[in-house]
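Descriptive structure summary
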Amino acid sequence: MDRRDSLIENQDPSLRIGRDTMRRLSSDMDDFVDDDSLMVMDHINGGDNGGETKPDEDPSSSFVDETLSSCLLEPPIQGGGNISPEGLHFISTHAYRSGDYTHLDNLLNPLWTSLTELLPLWLAPNMVTTIGGLHCGVAYAILWYYSPDMNERDVPDWVVFLAGWCTVAYYTLDCMDGKQARRTGSSSPLGQLFDHGFDCMCALFFMSTIASYLMIGGTFWYLLLQTTMQFAFFMAQWEEYHTHVLPHCTGKFCGVTEVNYFLGFLTMANAFMDREAVYLRDMRTVFVDKLHLGAIVDVEAILPASLLEMELRHFLMAGWGCMSLVLMSLSVKRVLTHPHIAGPDLYPPEISALRRNALLKLSTPLALIVAAFAVPIDAVRTRYLSVTLGLAFSILTKKMIVFSMAKMRFGVVQLDAVPFLVVAGYIRYSSEKGDLTKERADWVLGALGLWYAFRLLRWANVTITQICEKLDIYCFRLKKRTTTKEE
């Protein structure tokens, strides 16, 4: 037995991918799953008999980890629901693995622990998560009222301060829910779904907050902010799906904690600024009059006029876009070079197939981004486009979170994105013909947004019910432990 066979022989049986199972599930898409994909499955199993179960073997040992495979459309779930029986088994045995922590995480950890000790023991961890999410929801609703298009210049200062405070409160509670779970002995995979699911939804609040005090609603820059933020969050879950580790930071000084607290305190600081005077000034004024770079170098000679004429708010958004591209590129690199995908025991054709399968899972989110930019920004209200796109992204991201825990295949084509793609195409085509009013476009986007809200709530309800029944837990209450007479 060589090193390759030894590694396969000693792997966890629950993670073996059966060749027969692979062929059964992909029988209706033979033109999509090619010979390279089947070769990868054979390699992971170590031979033709990788998927067989002996009569005296636990049936769960033949359950299939399908995260390295791919499919055009996800096969229907036997028995209904959103999670297969195999997926529910993997969720029941799932153990959350976070990435590295930053220095600030380690510094604030005692504070989060102390705050958690103040919570009553009867309070369920998911309720802690929900309370944090409600901070974002309330602040988002107030921002919508005072800045419906995210470009108003007279948003009350107290509204901006409240948004910053709710950002800090939300993230602090987000760091406490896991500690409350361990404190009450109620840790479960459902907590991860709740935590990251709320993170996904609260991203809409963060984008609305930033756009409101920068006054960039109705512009290209807002679409850049939303698409990069939501795609980056999706890619974090995509990375965990393939590596089974959720990244928290890049280095020891830049992570999720730093970003969230920075945005929160920066927003509170904006409540005491003349935001219009600060963010609408051009970069020539910033470099020459404020930073006094003109005394050191000839700013006009070394910087292009287009940059000097750019407003500070747009310059900041361009910087955000560049930073997001770097972070997303690092995520792609980590996935494509991970041992699961490019291990030393894999042949080049196998590595190519696994890399292709991983990248194809980004197709539908990328299609949403293209569709969003295809919509003429002046043909619709920014808020309606933002909410509809945000809900569509949220559904895909939540599916990726659940399928990662369930080790289920995530389809290249996600049908939940199709309505948005169709509506975006309709608005663009009708706008070019000149027979679409802004009111009709808003009505169409509003109706689609309501559909996505219903779809998201329905999907979440079915998924949570399946997980609760499998784990024998409640969603918002702690289940009383039964004790025997001897105990």
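Residues numbered from 1 in each chain as written. Predicted model: local features only at pLDDT ≥ 70, side-chain atom pairs only at ≥ 80, totals over all residues. Heavy atoms only, no water.

Now for the overall build of the protein. Tallying secondary structure elements over the protein gives 21 helices and zero strands in all. Expressed as a percentage of its 487 residues, the buried residues of the protein come to 49%. Residue pairs in contact within the protein that sit at least 24 positions apart in sequence constitute 83% of those at least 6 positions apart. A total accessible area of about 23,400 Å² is found for the protein, and carbon and sulfur atoms account for 62% of it. (Helix = DSSP H or I, 4+ residues; strand = E, 2+ residues; numbered from the N terminus. Buried < 20%, exposed > 50% of the residue type's maximum accessible area, 1.4 Å probe, protein only. Contact = heavy atoms within 4.5 Å. Areas by Shrake-Rupley, 256 points an atom, 1.4 Å probe, with all protein chains shown as cover.)

This next bit is on the nonpolar core. Ranked by internal contacts, the top residues of the largest apolar core, which has 108 residues, are Phe 205 and Phe 420. A total of 14 residues in this core trace back to one element, the largest contributor, which is helix α19 (residues 382–406). Among residues more than four places away in sequence, those in contact with Phe 420 are Leu 368, Ala 371, Ala 372, Leu 385, Thr 388, Leu 389, Leu 448 and Tyr 452. With five residues, the next largest nonpolar core counts Leu 119, Val 128, Leu 173 and Met 176 among its residues. (Core = buried A, V, L, I, M, F, W, Y, C linked by side-chain atoms within 4.5 Å.)

Positionally, Ala 374 belongs in helix α18 (residues 363–374). Expressed as a C-alpha distance, the spacing of Ala 374 and Gly 425, which sit 51 residues apart in the sequence, is 7.4 Å.

With that settled, consider the packing of helix α4 (residues 85–92) against α19. Between α4 and α19, the shortest axis-to-axis distance is 7 Å and the interhelical angle comes to 80°. Our classification of the angle between α4 and α19 gives roughly perpendicular. Of the residues in α19, those in contact with Gly 87, Phe 90 and Ile 91 of α4 are Val 402, Met 405 and Ala 406. Residue classes in the contact of α4 with α19 are distributed as five nonpolar, one polar and no charged. (Axes fitted to C-alpha atoms, helices over the stretch in contact; angles between N-to-C directions. Parallel < 35°, antiparallel > 145°, perpendicular 65-115°, else oblique. Nonpolar A, V, L, I, M, F, W, Y, C, P; charged D, E, K, R; others polar.)

A separate point is the confidence of the model for the protein. Per-residue confidence for the protein gives a mean pLDDT of 86; residues scoring 70 or more make up 86%. Within the protein, no element has a lower average pLDDT than helix α1 (residues 3–9), which sits at 37, and none a higher one than α18, at 97. Predicted confidence for residues 1–57 stays below pLDDT 50, and this span has 88 contacts to residues more than four positions away or in other chains. Per-residue pLDDT stays below 50 along residues 483–487; that stretch engages in one contact with residues further than four places along the chain or on separate chains. (pLDDT = per-residue confidence, 0-100.)

Attention now goes to the packing of aromatic side chains. To describe a pair of aromatic rings, one takes the distance between the centres and the angle between the planes. By the definition in use, this model includes 18 aromatic pairs. When the ring of Tyr 261 is compared with that of Phe 265, the centres are 6.3 Å apart and the planes differ by 40°; the resulting orientation is tilted. In this pair, Tyr 261 and Phe 265 are both assigned in helix α10 (residues 256–270), four residues apart and thus about one turn of the helix distant. The buried category is assigned to Tyr 261, whose relative accessible area is 10%. Taken together through their ring pairs, the aromatic side chains of Trp 112, Tyr 171, Tyr 261 and Phe 265 make up a single cluster. Across the ring face of Tyr 384, the terminal group of Arg 381 is positioned such that the distance to the ring centre comes to 5.6 Å. Sitting over the face of the ring of Tyr 474, Lys 479 holds its NZ or CZ atom 5.2 Å from the ring centroid. (Phe/Tyr/Trp six-rings, centres within 6.5 Å; stacked < 30°, edge-to-face > 60°. Lys NZ or Arg CZ within 6 Å of the ring centre and 35° of its normal.)

Moving on: a nonpolar patch on the surface. A cluster of nonpolar side chains, Leu 72, Leu 73, Val 413, Leu 415, Val 418 and Val 422, forms an exposed patch at the surface whose accessible area comes to about 480 Å². On the basis of relative accessibility, which here comes to 56%, the residue Leu 415 falls in the exposed class. (Patch = residues over 30% accessible without salt bridge, like charges linked within 9 Å, V, L, I, M, F, W, Y side chains within 5 Å. Salt bridge = Lys/Arg side-chain N within 4 Å of Asp/Glu carboxyl O.)

Here we come to the side chain of Thr 102. On the secondary structure map, Thr 102 appears in the loop between α4 and α5 (103–117). Looking at Thr 102, its side chain comes within polar contact range of the side chain of Glu 258, at 2.6 Å. Not counting residues within four places of it along the chain, the set of residues in contact with Thr 102 comprises Cys 249, Gly 251, Lys 252, Phe 253, Cys 254, Gly 255 and Glu 258. (Polar contact = N/O pair within 3.5 Å; in protein donor to acceptor, adjacent residues only side chain to side chain.)

Take unusual backbone geometry next. The backbone of Met 215 shows a phi angle near 60°, a positive value even though the residue is not glycine. As for its position among the elements, Met 215 is in the loop between α8 (189–214) and α9 (220–243). Of note in this structure, Asp 472 is not a glycine but carries a positive phi near 55°. Relative to the helices and strands, Asp 472 is located in the segment after α21 (438–471).

We now examine the packing of α9 against α19. Where α9 contacts α19, the axes come no closer than 9 Å and their chain directions differ by 5°. In terms of their interaxial angle, α9 and α19 are classed as roughly parallel. Split by residue class, the contact of α9 with α19 holds 14 nonpolar, 10 polar and one charged.

Three or more residues of helix α12 (residues 283–290) are buried, namely Met 283, Val 286 and Phe 287. When α12 is viewed along its axis, its buried side chains cluster within an angular range of 85° and face the same direction. Check the buried side of α12 and you find it contacts α13 (299–302), α14 (305–308) and α15 (312–336). The residue sitting at the N-terminus of α12 and contributing the capping side-chain oxygen is Asp 282; that oxygen lies 3.2 Å from the backbone nitrogen of Arg 284. At the exit of α12 stands His 292, carrying a positive phi of roughly 55°. (Arc of directions from axis to C-beta.)

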